[in-house]
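Secondary and tertiary structure notes
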Amino acid sequence: MTLLITVIAAVVSTVIWYSSEKARKLKTGVLLYMFWGASLMWLVDAVVEYLESGAEYFQPAAADMLNDTFLGLSVIALALVVWVIVLLVKDPTGALKSAILDKKAKSK
Amino acid sequence: MACFIVPATEAIVTTVIQKVAAKKESADNKKSGELKLSFADKLKWLNGMLWGGSGLLAFEHVWHGEVTPFFPFLTAANDPADTAEMLHEMATSGSAMAILVTVVWAGLVIVSNKITASDNKSEKKAGATA
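Residues numbered from 1 in each chain as written. Chains lettered and ligands numbered in written order. Predicted model: local features only at pLDDT ≥ 70, side-chain atom pairs only at ≥ 80, totals over all residues.

**Considerations on the overall build of chain B**
A tally of helices and strands in chain B yields three helices and zero strands. When the helices and strands of chain B are read in sequence order from the N terminus, they spell out α-α-α. When its C-alpha atoms are laid out on the principal axes, chain B stretches across 75 × 25 × 20 Å. For chain B, with 130 residues in total, the buried portion stands at 27%. Taking the contacts inside chain B whose residues are at least 6 apart along the sequence as the reference set, 72% of them involve residues at least 24 apart. (Helix = DSSP H or I, 4+ residues; strand = E, 2+ residues; numbered from the N terminus. Buried ≥ 20, exposed ≤ 12 C-beta atoms within 10 Å, placed from the backbone. Contact = placed C-beta atoms within 7 Å.)

**Quick notes on unusual backbone geometry**
Most peptide bonds adopt trans geometry, and most residues besides glycine take a negative phi value. Residue and element names in this part refer to chain B. Note that the residue after Phe71, namely Pro72, is joined by a cis bond; omega there is 5°. Its place among the elements puts Pro72 in the loop between helix H2 (39–63) and helix H3 (80–129). Unusually for a residue other than glycine, Phe73 sits at a positive phi of about 70°. The residue Phe73 is located in the loop between H2 and H3 in this model.

**Here we look at the UniProt feature "transmembrane region" (unreviewed entry) in chain B**
Per the UniProt entry, the sites bearing "transmembrane region" (unreviewed entry) are residues 96–115 of chain B in this numbering. Counted over residues 96–115 of chain B, helix gives 100% and strand 0%. Its end C-alpha atoms are 29 Å apart. (UniProt positions renumbered as here; feature names shortened; annotations may be inferred.)

**Brief notes about the nonpolar core**
Ranked by internal contacts, the top residues of the largest apolar core, which has 40 residues, are Met34(A), Phe35(A), Ala38(A), Met49(B) and Met97(B). Residue assignment for this core shows that the elements contributing at least two residues are helix H1 (2–19), helix H3 (29–53) and helix H4 (62–90) of chain A together with helix H1 (5–32), H2 and H3 of chain B. Sort the elements by how many residues they give to this core and H3(A) lands first, with 12 residues. With near-sequence residues (within four places) excluded, Phe35(A) lies in contact with Thr6(A), Ala9(A), Ala10(A), Ser13(A) and Ala79(A). (Core = buried A, V, L, I, M, F, W, Y, C linked by C-beta atoms within 7 Å.)

What follows is the structure in structure tokens.
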């Protein structure tokens, strides 16, 4: 389930990155790296588990599925937080800088 | 158990290589004056996938209680039998993860090289007809 959620996140962020120049300027590439990297790594985990347990891999217990879903959503949240931090640090459009300078000018 | 350590180690190595290559290539580009997608730029894609992927996998290991914020950081390191299993998993799953990410990156590099080559050809054709 974690793999599935991460792959969906990777595909969605790729489509957004591909279709919008504004999104590319906003460093959405960072999300692509994280989601695709993690998807490939969890794919290996999934293949190893499938080789060990066979078709049982596709019938997880409800509790495990719920926990994996919770983990998948948390992974997306973490990746988004990392992306926002990168965005604010790099400040590609200068929005943060101008907001701070505006406040500084108003306070004078 | 700790499979993410293998791609994370590869990420450290490729990041160092990328930094060295970037310095060398920027000096070369200044000399030649031409702008192109350098090897260092392409290595950034690999670094991103390796760092991003192993970072999210590290979070998963924290989630499952396999990584702790205190010494020895890996719960499997407390027991020799678990340590052996962890090392086996690093050698198999960890290496496979690092190899798969690198193979996918190599595919991306081949595709980008083909796109650059076809663009150069069309530019030459346009120059010849003008």
